[in-house]
Every structure is written in structure tokens, then in C-alpha cells.
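# Coordinates in review
The primary structure of each chain is shown beneath.
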Amino acid sequence: MRDKTLCVKRPEVSHEGFASLAIPTYRASTIVFDSAVDYANRKYRGPDGYTYGLHGTPTSRALEGSITALEQGLRTVLVPSGQAAITIVFLTVLMPGDSVLIPDTAYPPVAGFCENYLKPRGIAYRIYDPMIGAGIDELIDETVKLIWTESPGSTTMEIQDIPAIVAAAKAHGILTGCDNTWATPMYFKPLAHGMDFSSMALTKYVGGHSDLLMGSIAIKDIDLHRRLKDTMRMIGLGVSPDDCALALRGMETMGVRLAHSGRVAIEFAKRIESRVAPGLVLHPALPAAPGHDVWKRDFAGASGVFSVVIPAHAEEALPDLLTAAKAFSIGASWGGTHSLLAPMTISRAIDENAHAGSILRISIGLEDEDDLWADLEPIVDLVASESVIAKTA
Ligand SMILES: *Cc1c(COP(=O)(O)O)cnc(C)c1O
């Protein structure tokens, strides 16, 4: 071969005796075939065959396989974000005339997707009280094709009775899905509780370092896997093998990160609860939390995110205390090594008065606990204090 060809073709390199613990990052758009016949038959390679880089590489399959094993599923589909993990499920199973039930506490962009994307295309949605449990049965009519859940709910942390919702759905032959980002399959296994879809924002605890965006959908039914993959192929979505490598690396330390962050979060939640007015600390492990008994029954642990309701008297002084924090950073997303504070305002459709003010979401990372508490203490003192107006009067 001549020089220009030698620049392009690679020499055969021996892999003999090379064994590494790292998963190689296989980048590919083109997948090459040994023969023209193989190429012609590529669509018969089955759910795990390689056909085109967008649809999977050994790197993405390694990540899918790891998540499938943790979720106790059959296959996992990787998507570009946690939000996409939800929308791809909805787009796969819902047709015009159908409807979906979503909890009032779902990750907020879910209701936005239903209202602004699905509704104009003839797919309806209904928001339900996350604590509805078996009462969901009354909301099921012949149009409902999917019940979505998220447990605990975003920011306000209500734990849902997943087995009761699954029982009602199964009685009507309806599919169910759970956003499992907070617990991760380390602490809750939606598929084992009868859910059809378990989604995660890998952006959070699996990535674990605030530098990755990806989502996963685990399923235990090969036909649902095919339908999800069809949606991905038709829309033209896939994930980068480099991102998969980051997620695989993040996942190796997820167990110890979760154990540490979860322990510190519970300690802080209890300490704050002991100092402030009742009901202000939102953490499923606190006995007063909505769904605490269900959490104890169904979950194997708690991750490192919880919230504190900010009473009206504390709202004005809070921003300066957040800005002054040294160990915590201010920002959305969570589940990484860096601890985060995010002041949130919540709007609920079912009970408009519930959590009408601000809520501080706290994500515990891996910094020294005393440094973190030094940032939180003045905030807790402020929340615990009498109204500033009452004091100065
Ligand atoms: C962050 C989050 C998402 C969205 O994940 P992205 O990767 O940021 O799109 C979905 N669900 C929950 C519960 C989340 O916290």
C-alpha cells in the first residue's frame, strides 16, 4: 500500500496479554462488516447487535449492562438527558387520544412537556396527588395508557406508594414508570416493584461529578425495549461513548458516595429538624415526612438530597447567607461530589397553597461535614429565629 493509504489504514495491533480494568471508549459512527452479505443482513442482528454508532458501541453496552444489572431489568436504553428518559417513554407509549397521569411533584419540565408538546398533539395529561396510592384507580379511564411516578417527589420529597399504584394499573392493563433519580437502584428498584419503566437522570448520582448529562430507561420486557429503541432511531438520538465512559467511571464510586452523602444528609436533616419549627425539614427518613412508612417499607436507604422550607420571615435574609457559603456552591442539578444549595419556588396544581413560599434544596457532596455545617448553621439559625419584624418591634 502507498503512503496516503497507510495514513488511513491502521496496522494490526496485538491485544494478546493486554488486560485492563478500564472499559475502552469505542468511538464510532460507521460499523464495518466482514462481507457484503453481513452488511445486507445487519438489521437482523437483534437487540444487542451493532449496526451504527448512534445505536450502540461496546462502551454504551457496558454502561447499559451495568444499569440493567442494578435495576434487575432485562435491558437499558441510554438517552441524552434525564428529561429525555421521561419524554422518550411518553413518546413511545402514547398516541393521540391517549392520556398520561403524572404526579404533582414530578420534575417540573415533565408537566411542561405534557402541556406544551403533548397536548397540542392530542395527547392529554392529568396531574394527581402524589400521596394518592390506591386511589389512583378512580382517575383511570379508557384513555389512560401510562401512569408516571417520581418517588420521592422533586424538592418536596413525598414518597409514593408504588406497589399500590402498580396494582391499580395492572388491574386496567396500563403501563407504569418511575423516575428513580433520587434513590438510584441502590436504594429502590422500581422494576422489582412491578413498574414497567425505571428512569434515571445519570446526570446526578451515576455521573456524580457535575460534568455529564445522560439518562437511562431500564425495562424488563424485550418488546418495550424494541419500541424504545425504535423511537430513538426514528428521532435520531444516541449518546456519546465518551460520556458513557464518564458514567461508567462515576458508577464505580457511586456506592460509597451515596452511603457517605446519605448519612450526612440524614444527620443534618435531624439536627435541623430539632432546631426549627415542625414540618420545615423535608426528608423521607424523618418520621413526620409524607410517605415515611412507605419509604421504610420499600427503600433500602436515602441519598444525599433533602429540603428545608423557608418561612416568610427568613426569605429576605436568606440570599446573603447563601452567597456567603464557602463549602457549598449555589446551583441546580445535584448528586455530585460538590455540595449544592438551590433556593426553589414551587407551584403545585392540586393544592395551590402547599409549599407556596420558597424551599431550600440541599445536596450533600463529599466535603468535610464540619465545613458544610458551618455554612448551614447561620441559615438554620435564621429559619429558627422569630420573625425579624416581631423582634425589632
Ligand atoms: C435532574 C432531574 C431530571 C433531569 O435530568 P437532566 O439530565 O438534567 O435532564 C429528571 N428527573 C429528576 C428527578 C431530576 O432530578
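All values reported here derive from a predicted model rather than from experimental measurement.

### Some points on the site of the ligand
In the vicinity of the ligand, the contacting residues are Ser-81, Gly-82, Gln-83, Tyr-107, Glu-150, Asp-179, Thr-181, Ala-201, Thr-203, Lys-204, Leu-213 and Trp-334. Between the ligand and Asp-179 there is a distance of 2.6 Å, counted from a nitrogen atom to a side-chain nitrogen or oxygen. Against a free-state accessible area of 380 Å², the protein chains account for coverage of 90% of the ligand. A majority-of-atoms criterion places the ligand in the largest pocket.

### A short note on unusual backbone geometry
With an omega of 0°, the peptide bond between Ser-151 and Pro-152 qualifies as cis. Position of Pro-152 relative to the elements: it lies in the loop between strand 4 (144–150) and helix 6 (162–171). In this model, Thr-184 sits at a positive phi of 60°, which is unusual for a non-glycine residue. Tracing the backbone through its elements, the reader meets Thr-184 in helix 7 (residues 184–187). We note that Ser-210 has phi near 60°; this positive angle belongs to a residue other than glycine. Owing to a relative accessible area of 52%, Ser-210 belongs among the exposed residues under this scheme.

### Things to note about the UniProt feature "modified residue: N6-(pyridoxal phosphate)lysine" (unreviewed entry) in the chain
The UniProt entry lists Lys-204 under the feature "modified residue: N6-(pyridoxal phosphate)lysine" (unreviewed entry), expressed in the numbering used here. You can see Lys-204 is positioned in the loop between strand 6 (197–201) and strand 7 (215–219). Those residues in contact with Lys-204 that lie beyond four places of it in its chain are Thr-181, Ser-333, Trp-334 and Gly-335.

### Some words on the layout of surface pockets
Computed from the structure, the largest pocket encloses a volume of approximately 710 Å³. What lines the largest pocket is a set of 38 residues, among which Ala-106, Tyr-107, Pro-108, Glu-150 and Ser-154 lie closest to the centre. If you list the elements that add at least two residues to the lining of the largest pocket, you get helix 4 (82–93), strand 2 (99–103), strand 6 and strand 11 (340–345). Looking at the lining of the largest pocket residue by residue, the class counts come to 20 nonpolar, 12 polar and 6 charged. Domain assignment of the residues forming the lining of the largest pocket places at least three in each of domain 1 (36–248) and domain 2 (255–392). Taken as a whole, the second largest pocket holds about 580 Å³ of empty space.

### Description of the sheet that holds strand 11
With mixed pairing, 5 strands are arranged side by side in an open sheet as 8-9-12-11-10. Strand pairing shows two members of the sheet lacking a second neighbour, strand 8 (281–282) and strand 10 (329–330), which therefore form its edges. Pairing of strand 9 (residues 305–310) with strand 12 (residues 358–363), which is carried by 6 bridges, proceeds in the antiparallel orientation. Bridged to Val-308 within strand 12 is Leu-360. The sheet contacts of helix 10 (residues 254–273) involve strand 8 and strand 9, and relative to strand 9 the element is tilted by about 20°.

### Some remarks on the pattern of salt bridges
As enumerated under the stated definition, the model contains 13 salt bridges in all. A salt bridge links Arg-27 to Asp-242; the nearest nitrogen and oxygen atoms lie 2.7 Å apart. Pair noted here: Arg-27 is in the loop between helix 1 (3–8) and helix 2 (36–40) and Asp-242 is in helix 9 (residues 241–252), with a separation of 215 residues, a long-range link. Between Arg-263 and Glu-369 there is a salt bridge whose closest N-O contact spans 3.0 Å. Of the two residues, Arg-263 is situated in helix 10 and Glu-369 in helix 13 (residues 369–384); the sequence distance between them amounts to 106 residues. A residue is classified by how much of its surface remains accessible, and Arg-263, at 38% relative accessible area, is partly exposed. Salt bridges here are not isolated pairs; linked through shared partners, they connect Asp-223, Arg-226, Asp-230 and Arg-233.

Reading the values: the criteria
- Residues numbered from 1 in each chain as written.
- Predicted model: local features only at pLDDT ≥ 70, side-chain atom pairs only at ≥ 80, totals over all residues.
- Heavy atoms only, no water.
- Near = heavy atom within 4 Å.
- Polar contact = N/O pair within 3.5 Å; in protein donor to acceptor, adjacent residues only side chain to side chain.
- Areas by Shrake-Rupley, 256 points an atom, 1.4 Å probe, with all protein chains shown as cover.
- 1 Å grid on protein atoms, 1.4 Å probe; cavity = no way out; pocket = protein on both sides within 12 Å on 5 of 7 lines; lining within 4 Å.
- Sits in = over half its atoms within 2 Å of the grid points.
- Helix = DSSP H or I, 4+ residues; strand = E, 2+ residues; numbered from the N terminus.
- Buried < 20%, exposed > 50% of the residue type's maximum accessible area, 1.4 Å probe, protein only.
- UniProt positions renumbered as here; feature names shortened; annotations may be inferred.
- Contact = heavy atoms within 4.5 Å.
- Points joined across faces, edges and corners; volume = space filled by probe spheres on them.
- Nonpolar A, V, L, I, M, F, W, Y, C, P; charged D, E, K, R; others polar.
- Domains from an automatic or database assignment.
- Pairing = 2+ DSSP bridges.
- Axes fitted to C-alpha atoms, helices over the stretch in contact; angles between N-to-C directions.
- Salt bridge = Lys/Arg side-chain N within 4 Å of Asp/Glu carboxyl O.

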